[in-house]
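Summary of the model geometry
Listed below, chain by chain, are the residues.
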Amino acid sequence: MSISIGGRKLKPSTMMMGHGYDPMLSEGSLKPPIFLTSTFVFPNAAAGKRHFEGVTGKRPGGADGLVYSRFNGPNQEILEDRLGIWESAEDALAFSSGMSAIATLFLAMVKPGDTIVHSGPLYAATETLIARILGKFGVNWVDFPAGSTRAEIDAAMKKGADTGNVALIYLESPANPTNALVDVEAVAASRDAIFADRADKPPIAIDNTFLGPVWAQPLKQGADLVVYSLTKYAGGHSDLVAGGVLGSKAHINTIRMMRNTIGTICDPHTAWMLLRSLETLELRMTRAGENAAKVCKFLNDHPKVEKVGYLGFLEQQGDARQADIYRRHCTGAGSTFSLYLKGGEAEAFKFLDTLKIAKLAVSLGGTETLASAPAAMTHLSVPDERKQALGITDNLVRISIGVEDADDLIADFAAALDAI
Ligand SMILES: *Cc1c(COP(=O)(O)O)cnc(C)c1O
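Residues numbered from 1 in each chain as written. Predicted model: local features only at pLDDT ≥ 70, side-chain atom pairs only at ≥ 80, totals over all residues. Heavy atoms only, no water.

For the protein chain, the helix and strand inventory stands at 14 helices and 14 strands. Here the C-alpha radius of gyration of the protein chain, 22 Å, is about what a compact globule of 420 residues would show, namely 22 Å. Dimensions of the protein chain, computed from the C-alpha atoms along their principal axes, are close to 75 × 55 × 40 Å. A buried classification covers 53% of the 420 residues belonging to the protein chain. For the protein chain, restricting intrachain contacts to residue pairs at least 6 apart in sequence, the fraction spanning at least 24 positions comes to 73%. Total accessible area computed for the protein chain in this model is approximately 18,300 Å², and 56% of it derives from carbon and sulfur atoms. Separation of charge centres in the protein chain, based on 41 positive and 47 negative side chains, amounts to 4 Å. (Helix = DSSP H or I, 4+ residues; strand = E, 2+ residues; numbered from the N terminus. Rg over C-alpha atoms; globule rule 2.2 N^0.38 Å. Buried < 20%, exposed > 50% of the residue type's maximum accessible area, 1.4 Å probe, protein only. Contact = heavy atoms within 4.5 Å. Areas by Shrake-Rupley, 256 points an atom, 1.4 Å probe, with all protein chains shown as cover. Lys, Arg positive; Asp, Glu negative; His and termini not counted. Charge placed at Lys NZ, Arg CZ, Asp CG, Glu CD.)

Here it is in structure tokens:
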């Protein structure tokens, strides 16, 4: 499908229906078939040679055509073409999970003695991967709090440079479960200033799982690579696990070489499921965002609620610095937020156990509303001191709003609050 009609550039939501797929190459099938094959037939020996010249770098331009399913397949290629569209990225890669995407990115970018400068907190498994796993291989790390100012980010970059060769800057915004936004523009400006004398400035990668691609597009603020757990909003139906990385061709090719080597690509069936998911991505995220705004307003006005940590309230809660980042970086407040009830664990558990529509489960970004208690569940093993610092208190309930009827959800939350 062409990308523009009569000079009008088509929107991603339109492109999701057909981009990257020609039905006439598959017997006229409107939807792409699932290509279950481990290997692909070369038309002749010269084509086979040409392919491997591309793979091995003997010929510039990279691999041409398909050869083996650890490297790529038709369903994954269509998925990658469509993923990139959302953020006008030059290229994209699909992975078997968000964590395999992040792990492949790290393995491709860092070596022993290098330093990763990162925002904190990060998704727990990402923190484990950096500190406990890469740390074992001699990789250093320096972190700064997600809400840091330019001066604080500069200090972290300098500390990183003193520790080793800074090979990667890794961000996650908003941070989970604090919801603190990272000032990506300030990080990019800091990187350019601190490493001004380096020809190969460390790339900035950012986990955009919570707001992307509808409400935040960090490539526009100076990030070089965007990382996704496609398990969440992109997949959107809580029925698959996958990951993605988007960015410039040069960076993506570096990561592709690692993915080809270790085989962290997603399977064809998952890719096909994601193609279906992307057709409704904007519809689902828009509805979930509208629902969350209504539910948060209701919760915020309720006498049994202490505070609602929702990006849509930054302005009214008087957080000028975070509100400023929000205005510059985000086009919507998302549908995942923190609810602080009056009371402690007993009140949080009573609330969770009374909910009927909202299911008690970790994860987020699905069509259904989910709720959980981080202090007792996902963050149970986090030391008490760090829990306090991150605002992971016993009265915290994390909620991800789905696409149900908003008033039904409000009735569910009202009944659960009454039961406390
Ligand atoms: C879920 C999640 C991940 C990990 O993704 P998986 O698909 O579960 O491997 C990484 N980052 C964030 C922000 C997440 O929410």
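Having put the structure on the table, let's press on.
Glancing now at the sheet that holds strand β14 (residues 396-400). If you trace the five strands from one edge of the open sheet to the other, you get β10-β11-β14-β13-β12, paired in mixed fashion. A single partner strand is all that each edge strand has here, and the edge strands are β10 (305-309) and β12 (359-360). Both strand β11 (residues 336-341) and β14 contribute to a ladder of five bridges, which runs antiparallel. By the bridge assignment for β14, Leu339 is matched with Val397. (Pairing = 2+ DSSP bridges.)

With 14 residues, helix α6 (residues 150-163) extends 20 Å between its outermost C-alpha atoms, agreeing within 8% with the 20 Å of an ideal straight helix rising 1.5 Å per residue. Packing partners of the buried residues in α6 comprise β4 (114-120), β5 (140-145), β6 (165-172) and α7 (184-194). (Expected span 1.5 Å × (residues − 1).)

In this section: the layout of surface pockets. Left-over empty space is what a probe sized like a water molecule reveals as it rolls over the atoms. Considered as a void within the structure, the largest pocket measures approximately 1,200 Å³ in volume. Forming the walls of the largest pocket are 50 residues, and the residues nearest its centre are Glu77, Glu80, Asp81, Asp91 and Arg256. Tallying contributions element by element places helix α3 (residues 74-86) first for the lining of the largest pocket, with eight residues. Roughly 990 Å³ of internal volume is contained in the second largest pocket. What lines the second largest pocket is a set of 48 residues, among which Leu122, Tyr123, Ala124, Ala125 and His379 lie closest to the centre. Going through the elements one at a time, α4 (98-109), α5 (124-134), β5, β8 (225-229), β13 (370-372), α13 (384-390) and β14 are the ones with two or more residues in the lining of the second largest pocket. The element that contributes the greatest number of residues to the lining of the second largest pocket is α5, accounting for seven residues. Grouping the constituent residues of the lining of the second largest pocket by class yields 25 nonpolar, 15 polar and eight charged. In this structure, the lining of the second largest pocket is formed jointly by two domains, domain 1 (11-276) and domain 2 (281-418), each of which donates at least three residues. (1 Å grid on protein atoms, 1.4 Å probe; cavity = no way out; pocket = protein on both sides within 12 Å on 5 of 7 lines; lining within 4 Å. Points joined across faces, edges and corners; volume = space filled by probe spheres on them. Nonpolar A, V, L, I, M, F, W, Y, C, P; charged D, E, K, R; others polar. Domains from an automatic or database assignment.)

As a further point, take the UniProt feature "modified residue: N6-(pyridoxal phosphate)lysine" (unreviewed entry) in the protein chain. Here the UniProt feature "modified residue: N6-(pyridoxal phosphate)lysine" (unreviewed entry) sits at Lys232. Relative to the assigned elements, Lys232 resides in the loop between β8 and β9 (243-247). Relative accessible area serves as the criterion here: at 10%, Lys232 is assigned to the buried category. Not counting residues within four places of it along the chain, the set of residues in contact with Lys232 comprises Tyr123, Thr209, Ser363, Leu364 and Gly365. (UniProt positions renumbered as here; feature names shortened; annotations may be inferred.)

Here we take up the site of the ligand. Near the ligand you find 13 residues, and of these Met99, Asp207, Ser229, Thr231 and Lys232 are the closest. Contact distances for the ligand include 2.9 Å between an oxygen atom and a backbone N or O atom of Gly98. Side-chain polar atom of Ser229 to an oxygen atom of the ligand: 2.8 Å apart, as the coordinates give it. Most atoms of the ligand, that is more than half of them, are within 2 Å of grid points of the second largest pocket. Looking at the shell around the ligand residue by residue, the class counts come to five nonpolar, five polar and three charged. (Near = heavy atom within 4 Å. Polar contact = N/O pair within 3.5 Å; in protein donor to acceptor, adjacent residues only side chain to side chain. Sits in = over half its atoms within 2 Å of the grid points.)

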